[in-house]
Amino acid sequence: MRNNDPFADLIRSLEDNLQRGGDDDPPPPAEEGGRRQPPRPQGNPRRVLWFLLPFLVLILFNRAISFYSDWAWYESLELSSVFFTRIYANFGLFAAGAVIFWVFLAVNVIIARRIEPGGLDNTPVGQIVQAFGGRITSVVLWVGALFAFFMGLSLSAQWENLLLFLNQTSFGTADPIFNRDVSFFMFTLPIWQIARNWLVTTLVLSLLATGLVYGVGIRGWSMRKPVLTHLGVLGVAFLLLVAWQYRLDAFQLLYSARGATFGAGYTDVRAQLPIYNILFVVTLITAAAVMATVFLRQAWRIMVGVLVVWGVIAFLAGNIYPGFVQRFQVTPNELTLESPYIEHNIRMTREAYDLDQVQVIPYEPSARLTAATLLEEVETVRNVRLWDYRPMLQTYNQIQALRQYYTFHDIDIDRYEFDGEVRQVMLSARELVPDRLNEEAQTWVNRRLVYTHGYGVAASPVAQVTRDGLPDFLLKDLPPDGIIENSIPQIYYGEVTNDWVVGRTSEPEFDYPRGEGNVTTQFGADTGIPMSFANRVLFAIRFGDINLLLNQDLQPDSQLLWRRNIVERVQEVAPFLRFDQDPYIVIADDGKLYWFHDAYTVSNRYPYSTPMGTINYIRNSVKIVTDAYDGTMRFFVVDDEDPVIGAYQQIFPDLFEPMDSMPENLRRHIRYPTDIFTIQAEIYRTYHMTSPTLFYNREDIWAWPEEIFDNRAVRMEPYYVLMPLPEEENLGFVQILPFTPANRENMLAWMAVRSDPERYGEQLVYRFGPDSLYFGPQQVEARINQDTTISSQLALWNQQGSSVIRGNLLVIPIAGALLYVEPLYLQAATGRIPELQRVIVATADQVVMAENLGLALVALFGGDVLDDPELALLASFGGEDEEFVEAVLSGEVPATGPVAGGDASMADLIQQANEQFVRAQEAIMQGDWAGYGREIQALELTLEQLVTTSGGELELDAAPGLDVESAPAGESDVEAGEEPVEEATE
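Note that the structure is a prediction, hence the values are computed from the model and not measured. (Residues numbered from 1 in each chain as written. Predicted model: local features only at pLDDT ≥ 70, side-chain atom pairs only at ≥ 80, totals over all residues. Heavy atoms only, no water.)

Undergrad: An account of the overall build of the protein is requested, with residue identities and associated values reported.
TA: The helix and strand inventory of the protein stands at 30 helices and 34 strands. Burial statistics for the protein: of 986 residues in total, 55% are counted as buried. Considering only intrachain contacts with a sequence separation of at least 6, the fraction spanning at least 24 residues in the protein is 67%. Counting only carbon and sulfur atoms, one obtains 54% of the accessible surface of the protein, whose full area is about 43,900 Å². (Helix = DSSP H or I, 4+ residues; strand = E, 2+ residues; numbered from the N terminus. Buried < 20%, exposed > 50% of the residue type's maximum accessible area, 1.4 Å probe, protein only. Contact = heavy atoms within 4.5 Å. Areas by Shrake-Rupley, 256 points an atom, 1.4 Å probe, with all protein chains shown as cover.)

In structure tokens, the structure reads:
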């Protein structure tokens, strides 16, 4: 019978190339009658191959389909070089890892078979293998091939680390212990650790395979000299890798968490590091002793002695000596001994989180704002963000979605220029969700060919509100209508656009509804995948959708639009970047829509830097701009001083562009992202202390402020403000966050970061004087709760089938002072449309509530603030009701709705109610229905305050905005001589 083992010929050919001779040569085969004995029957591995073949074909077929479909997608984006760079690196490492492992294992196995030909032939293990028609060497090599596959896979997963290692650039700063550039720890040390671990696994598996072929432990423990030599060489290689690990462990001390701060401390440097150095030398001596046992008699005694010393030192290194030093030397003298290492931690943590260039500026706000100082920075007041993005999102979806299949996913904040003035704007993209189509419309043609895209953007200013408490839209409806041009409103790529579709077919695409019919369009770009017959077959298999082949509306120039979710899209192209959670939509000057998405380079390998979660290094290095219509992506490098992104630029030269190449009409919309600002602020509240003593004693830790949102305390979020920074004249788009002390609520500093392109990323901290005392957010919230007028109004609203949502409390630095602004939204239990009903404004000594920001400023500072036409526009609900503002300024209507101050008597309130009723009647007689509505609304507020002032003894059963009736006069506590309430409400 012929031997069909595919490894048999390989083994024989290798054996023939080995030098034969000496006593160890295998005996010639036995002869019978002068004829050579035939080989023993062997099993037929082809049966196994035929059994596995269908599974192998299926796996390879799926991989091929995935490969070619991904290639087609990258080709449509002109990013094939990015795709193949990753493929070559991944497959190259897989092939190298698998081949090197198997060759190393095979060579050692064949050498073992040459040295010990009998092996396990006459052992129970050998007999079992032979009973199944195999031979032990072939079995080991087959199993080795399986392990080679997994060893190749494990190595291929490290393609990114390898490419970074090969393309690394210098950081220009060295660690304080080994004086190596940080690039060694970021790029080189990880690849060394990976290589060492992989080699150890390879060596251990090869050692086990070789020992199995020799029959070590199965045939006994006595070994001939050639066997001992072979195993000794492998053992020495293993010990050399152990010694290498001690060197790597020494470098890893810079990530130690044992000391007072993160990074190598006194114990690590003075106790653990010397132990590692000693163990490194002892391990090399042990390796030499192991080699000596092969050639010298009695050398095993030396080896045993060295192994004992090695074990004792290793035990001391891992347990006794460093722990002894930490407990009895460092702990009683921690500040003195750890101070240099605390200083290392502070310096390198600030560098890793890009906080080493923060400018600290003294800030001494005045105790009082006036109308004059307010008008000095009127642009800031015009752009105070009254709309909180959370209730705003509900409002947008209720009044601007317009159809059930449209949705607004998120509210974005940006700035736009109108008539030469920059204004802060909130906007959101109207995306289409096919799942929301009527059940009868959920057909393949509708989902894939007709309902292919969203349409348009809704936008509104941050500070304006209508009389109904709704946003005053700058851009709205279908088709988009407003003062912002949106000439290409189709949104084929978005945040919730998850389905693939086919554009430019013979089936018209739904654009937007109009009257009784629909307006249609066709996709006009060539950035999709052309629907040739080959591609139709390819993607029908990839998607498991035969309709791609059967549908007759598809044409050769039809475009398959795939991976349309902008987050999935950028993650597919650049999985090595970390992405911000908040992409935002931008309307360019040419009317096109673009998605802006910030990306970060991160690492957990920066020495001495304190981790935050899984990272201890971060840079906002990349701005990704995605065309919402055609899906093209451009990756702009905004931080070319980041060595990590510098390495990626060398790896993917066709992917990244310099920031200077971004068009100017897009550059003006870049903004510093909230995610990285939040991380930096969290680190800075501790690491603003640069003195080791202050840091160790935690004497000046700052706290993250809290505010009231939706009637519960939450962490305050950083917020964007359009304002000139102190001592500056030009308006800037900045993100700010106040800080309070760790154990008090007063405000002691605020942090700002610039978003304007010319000074992008500059960080400033305005620090109040040590003797200053200014209200923090929670203290202002407490003052709001303690105001009887405001608290009673909130309680009343919450009892009338509606709920009050307290929006973001904004702390706005203005003219050397602080202004606090908090919007209040009223939401009916059934309507689910939050309406901005009141604005609370506070200064150092006053808290007022009014119907809009302009009226609140009038209540605080008087009518002079309305000398500015923009503030007058805010007070008149966006120009809807200028007569109302005039009535406020003349004193006919209180700026704050109810009697200002919250201390009015029953008599004052009743008199005010009567006056409002009389004015309402006069308005009716003159046919002034708008004036009548104003007076009735003011009357309602007065009567609500009357209920509160009476201590609840008066109960008014009224619907907002309608006729109001009072309780019987006898049930009230009206003082003698006062008119009963009924007379005012008849």
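That covers the picture; the talk isn't over yet.
Undergrad: Describe the packing of aromatic side chains, with residues and values.
TA: Going through the model one piece at a time under the given rule, you end up with 56 aromatic pairs. Note on Phe543 and Trp562: the rings are 5.7 Å apart at their centroids and 75° apart in plane angle, and the pair reads as edge-to-face. Taken as a pair, Phe543 in helix H16 (residues 533–543) and Trp562 in the loop between strand S16 (559–561) and helix H18 (566–573) lie far apart in primary sequence, 19 residues in all. On the accessibility criterion, Phe543 (21% relative accessible area) is partly exposed. It is Arg247 that lies over the ring of Phe251; its NZ or CZ is 5.9 Å from the centre. One cation-aromatic arrangement involves Arg327 over Phe328; the distance from NZ or CZ to the ring centre is 5.4 Å. (Phe/Tyr/Trp six-rings, centres within 6.5 Å; stacked < 30°, edge-to-face > 60°. Lys NZ or Arg CZ within 6 Å of the ring centre and 35° of its normal.)

Undergrad: Got a sec to walk through the environment of Leu593? Specific residues and values, please.
TA: Residue position: Leu593 is located in strand S19 (residues 593–603). The spatial distance from the C-alpha of Leu593 to the C-alpha of Val457 is 8.7 Å, given a sequence separation of 136 residues. In this structure, Leu593 is in contact with Val457, Asn486, Ile488, Pro489, Ile491, Ile585, Val586, Ile587, Thr626, Asp627 and Ala628, ignoring residues within four places of it in sequence.

Undergrad: So what's going on with the pairing of strand S33 (residues 835–842)? Which residues, and what values?
TA: In terms of burial, S33 is a largely internal element, seven of the eight residues being buried. As defined by bridge partners, strand S32 (residues 817–828) adjoins S33 across seven bridges and the pair is classed as antiparallel. Bridge pairing links Glu822 to Ile840 in S33. Looking at chain direction, S33 and strand S34 (residues 847–850) are connected through four bridges and run antiparallel. Bridge pairing links Ala842 to Val847 in S34. (Pairing = 2+ DSSP bridges.)

Undergrad: I'd love a proper account of helix H14 (residues 389–399), names of residues and values included.
TA: For an α-helix the count is 3.6 residues per turn, leaving residues at separations of three or four pointing the same way. Where H14 is concerned, the buried positions are Pro391, Met392, Thr395 and Tyr396. Each buried residue of H14 lies within a common arc of 145° when the element is viewed along its axis, so the set occupies one face. The N-cap of H14, judged by a side-chain oxygen 2.9 Å from the amide nitrogen of Arg390 a few residues on, is Asp388. (Arc of directions from axis to C-beta. Polar contact = N/O pair within 3.5 Å; in protein donor to acceptor, adjacent residues only side chain to side chain.)

Undergrad: Hey, could you go over the sheet that holds strand S15 (residues 529–530) for me, with residue numbers and the actual values?
TA: Within the open sheet, the three strands sit side by side as S12-S16-S15. Their pairing is antiparallel. The sheet is open, and its two borders are formed by strand S12 (501–503) and S15, each paired with just one other strand. Two elements, S15 and S16, share two bridges in a ladder whose sense is antiparallel. Counted as the bridge partner of Pro530 is Gln559 from S16.

Undergrad: Please provide a residue-by-residue account of the pattern of salt bridges, values included.
TA: Two side chains carrying opposite charge are able to pair once their charged atoms lie near each other. Counted by the stated rule, this structure contains 31 salt bridges. One salt bridge connects Glu421 with Arg382, and the closest N-O pair in it is separated by 3.5 Å. In this pair, Glu421 sits in strand S6 (residues 421–432) while Arg382 sits in helix H13 (residues 378–382), placing the two residues 39 residues apart along the sequence. A relative accessible area of 13% means that Arg382 is categorised as buried. When salt bridges that share partners are traced, they join Arg382, Glu421, Arg423, Asp868 and Glu870 into one network. (Salt bridge = Lys/Arg side-chain N within 4 Å of Asp/Glu carboxyl O.)

Undergrad: Before we move on, could you go through the environment of Tyr766 and cite the residues and values that matter?
TA: By the secondary structure assignment, Tyr766 is in strand S29 (residues 763–768). Once you skip the residues sitting within four places of it in the chain, Tyr766 turns out to touch Ile361, Tyr363, Leu725, Pro726, Leu748, Ala749 and Trp750.

Undergrad: So what about the pairing of strand S18 (residues 584–587)? Which residues, and what values?
TA: Along S18, one buried face is formed by Tyr584 and Val586 and the opposite face, lined by Ile585 and Ile587, is buried too. The pairing of S18 with S19 spans four bridges and is classified as antiparallel. Each residue of the ladder has a partner; that of Val586, found in S19, is Tyr594.

Undergrad: Break down the packing of helix H6 (residues 159–166) against helix H19 (residues 643–651) for me, with residues and values.
TA: Relative to each other, H6 and H19 sit at 100°, their axes nearing to 9 Å. As judged from the angle between their axes, H6 and H19 are roughly perpendicular. Residue-level contacts link Glu160, Leu163 and Leu164 of H6 to Ala647, Tyr648 and Ile651 of H19. Along the lines of polarity and charge, the residues of the contact of H6 with H19 split into five nonpolar, no polar and one charged. (Axes fitted to C-alpha atoms, helices over the stretch in contact; angles between N-to-C directions. Parallel < 35°, antiparallel > 145°, perpendicular 65-115°, else oblique. Nonpolar A, V, L, I, M, F, W, Y, C, P; charged D, E, K, R; others polar.)

Undergrad: Could you give an account of the side chain of Asn620, naming the residues involved and the relevant values?
TA: With respect to the helices and strands, Asn620 occurs in strand S20 (residues 617–627). In terms of polar contacts, Asn620 uses its side chain to reach the side chain of Asp598, at 3.3 Å. A distance of 2.5 Å separates a polar atom in the side chain of Asn620 from a polar atom in the side chain of Tyr760. Residues contacting Asn620, with those up to four places away along its chain left out, are Asp598, Ala599, Tyr600, Val638, Asp639, Pro673, Ile676 and Tyr760.

Undergrad: How would you explain helix H5 (residues 136–156) if you had to name every residue and give the values?
TA: With 21 residues, H5 ought to run about 30 Å at 1.5 Å a step, and its terminal C-alpha atoms sit 30 Å apart, in line with that. Burial in H5 covers these residues: Ile136, Thr137, Ser138, Val140, Leu141, Gly144, Ala148, Met151, Gly152, Leu155 and Ser156. Along the axis of H5, the buried residues cluster in a sector spanning 160°; they form a single face. (Expected span 1.5 Å × (residues − 1).)

Undergrad: Requested: an account of the packing of helix H3 (residues 80–115) against helix H8 (residues 225–252), with residues and values cited.
TA: For any two helices packed against each other, one specifies the inter-axial angle together with the distance between the axes. Viewed as axis vectors pointing N to C, H3 and H8 meet at an angle of 165°, and their least axial separation amounts to 10 Å. Classed by the angle they form, the pair H3 and H8 counts as roughly antiparallel. Judged by the twist between their axes, the crossing of H3 over H8 is left-handed. The segment H3 lies against H8, with Phe104, Asn108, Ile111, Ala112 and Ile115 engaging Pro226, Val227, His230 and Leu234. Residues belonging to the contact of H3 with H8 are distributed by class as follows: seven nonpolar, two polar and no charged. (Left-handed = near helix turned anticlockwise from the far one by under 90°.)

The analysis is restricted to geometry; functional conclusions fall outside its scope.
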